[in-house]
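Structural characterization, general
Now for the letters of each chain:
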Amino acid sequence: METVFADLTISMSEFKKNPAAALRDARSRPVAVLNHNKAAFYMIKPALFEAMLEELTDQELHRKVLARLSERADAIEVDIDAI
């Protein structure tokens, strides 16, 4: 069985019967919706999704900064007032 990244799970058939109840019962916690005992998708609150996207964006920016720092020897000094 594959790893499920949520403490709460619900079967696809139960989820389809009453999605609003599944959301309510989750009480803002992530829920894995299972199809044949494998995660088909995760149900999460919009605020958590936004936080995850922000974290991914920050990680990408961090990688760019590190890459550009390694190219510092190729940098050209510029007077900020000349820009």
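Right above here is the structure, for reference.
Here's a quick rundown of the structure.

Re the nonpolar core
- Formed by I10, F15, A22, A26, V31, V33 and M43, the largest nonpolar core amounts to seven residues.
- Of all the secondary structure elements, the ones that give two or more residues to this core are α2 (19-26) and β2 (31-35).
- Other than its neighbours up to four places away in sequence, M43 contacts F15, A22, L23, R29, P30 and V31.

Some points on the packing of aromatic side chains
- A full pass over the atoms with the stated rule returns one aromatic pair.
- Where F15 meets F41, the ring centres are 5.4 Å apart and the plane angle is 75°; that geometry is what we call edge-to-face. A residue pair is termed long-range when its members are at least 10 positions apart, and F15 in helix α1 (residues 12-17) and F41 in strand β3 (residues 38-43) qualify at 26 residues.

Considering the pattern of salt bridges
- Applying the stated rule across the entire model yields three salt bridges.
- Here E14 and K17 are joined by a salt bridge, their closest N and O atoms 3.1 Å apart. Of the two residues, E14 and K17 both sit in helix α1, three residues apart, roughly one turn of that helix.
- On the accessibility criterion, E14 (40% relative accessible area) is partly exposed.
- Relative accessible area serves as the criterion here: at 63%, K17 is assigned to the exposed category.
- E60 is the salt-bridge partner of R63, the closest N and O atoms lying 2.9 Å from each other. In this pair, R63 and E60 both sit in helix α3 (residues 46-69), three residues apart, roughly one turn of the helix.

Concerning the sheet that holds strand β1 (residues 8-11)
- Overall, mixed pairing links the three strands, which are arranged β1-β2-β3 in an open sheet. With one partner strand each, in any of the chains shown, β1 and β3 form the two edges of the open sheet. In this sheet, adjacent strand axes meet at a mean angle of 35° when their direction is disregarded.
- As paired strands, β1 and β2 are joined by four bridges and run parallel to one another.

Reading the values: rules and limits
Residues numbered from 1 in each chain as written. Predicted model: local features only at pLDDT ≥ 70, side-chain atom pairs only at ≥ 80, totals over all residues. Heavy atoms only, no water. Core = buried A, V, L, I, M, F, W, Y, C linked by side-chain atoms within 4.5 Å. Buried < 20%, exposed > 50% of the residue type's maximum accessible area, 1.4 Å probe, protein only. Helix = DSSP H or I, 4+ residues; strand = E, 2+ residues; numbered from the N terminus. Contact = heavy atoms within 4.5 Å. Phe/Tyr/Trp six-rings, centres within 6.5 Å; stacked < 30°, edge-to-face > 60°. Salt bridge = Lys/Arg side-chain N within 4 Å of Asp/Glu carboxyl O. Pairing = 2+ DSSP bridges. Axes fitted to C-alpha atoms, helices over the stretch in contact; angles between N-to-C directions.

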